[in-house]
Structure formats: C-alpha cells, structure tokens
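Single-letter residue listing:
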Amino acid sequence: GLPFDITEVSGMPKPDWYLTINPRGKVPALRVPTADYAVIYESGICNEFLCDYATSLQRDQTLLPNDPFLRASIRLLNDHCDNVFAKTQFTFL
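Predicted model only: the values in this text are computed from it and were never measured.

Q: Is there a simple way to think about the pattern of salt bridges in this case?
A: Where charged atoms from two side chains of opposite charge come close, those side chains can pair. What the rule picks out here adds up to 3 salt bridges. Residue Glu42 is joined to Lys26 by a salt bridge in which the shortest nitrogen-to-oxygen separation is 3.1 Å. Pair noted here: Glu42 is in the loop between β2 (38-41) and α2 (43-57) and Lys26 is in the loop between α1 (16-21) and β1 (29-32), with a separation of 16 residues, a long-range link. Residue class for Glu42 comes out partly exposed when judged on its relative accessible area of 21%. A relative accessible area of 43% places Lys26 in the partly exposed class. As a salt-bridge pair, Glu48 and Arg75 come within 2.8 Å of each other at their nearest N and O atoms. With Glu48 in helix α2 and Arg75 in helix α3 (residues 68-91), this residue pair connects regions lying 27 residues apart in the sequence. Residue class for Arg75 comes out partly exposed when judged on its relative accessible area of 35%.

Put into structure tokens, the structure is as follows:
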C-alpha cells in the first residue's frame, strides 16, 4: 500500500487553508510530498493518479486490473459515483 495521512474537510464554505490547496474547494484532494506537494483533485483523477503512482513505485503491483475492459468498468463505476451519488448527496444537504 501507499503511505498516507488524512485531514478531514467538511462544511461550506471550505476553510481558507483548504482553498489554497484546491481552489475549487471540492474534495477529495491529494497533496503528494514526494512531488514537492503537488496537488491532485477530482475523485476520478485522484483514483487514476493513485493507480499510476502505485504502479510507478511497485512495478509488479497495480491498483487496476490489466484487462482494458475491467479497467473501463471501474472507470464507469467511478464516473457513476461522481455523477449520480454525488449529485444525490448534495441535493439533500
């Protein structure tokens, strides 16, 4: 696995310190210490980055399957979560 720390961010508006990390104010966002604290955001992009990053560190392991159809299925599920579940969640907030 990849080492990580979690900082919870909730509420609206987002705190100023978080907006300096991610000006869009959306969660999740990743700050990568080994890349001069580069920031990655948008859940789908974060997921694919983590897969690529893990693969770059451990050539024999990956977070996504090698089969392109299975990879596409995972990306479709991620897109569904972003576009259906997230909209539903914010509708009720």
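Q: How should I be thinking about unusual backbone geometry in this particular structure?
A: Glycine aside, the phi torsion of most residues is negative, and most peptide linkages are trans. For the bond running from Val27 to Pro28, omega is 5 degrees, close enough to zero to count as cis. Tracing the backbone through its elements, the reader meets Pro28 in the loop between α1 and β1. The phi dihedral of Asp36 falls on the positive side, at around 55 degrees, and the residue is not glycine. Relative to the elements of secondary structure, Asp36 occurs in the loop between β1 and β2. Residue Asp36 is classed as exposed on the basis of its relative accessible area of 74%. Phi angles above zero are rare outside glycine, and Tyr37 is one such case at about 60 degrees. Looking at the secondary structure, you find Tyr37 in the loop between β1 and β2.

Rules used in this analysis
- Residues numbered from 1 in each chain as written.
- Predicted model: local features only at pLDDT ≥ 70, side-chain atom pairs only at ≥ 80, totals over all residues.
- Heavy atoms only, no water.
- Salt bridge = Lys/Arg side-chain N within 4 Å of Asp/Glu carboxyl O.
- Helix = DSSP H or I, 4+ residues; strand = E, 2+ residues; numbered from the N terminus.
- Buried < 20%, exposed > 50% of the residue type's maximum accessible area, 1.4 Å probe, protein only.

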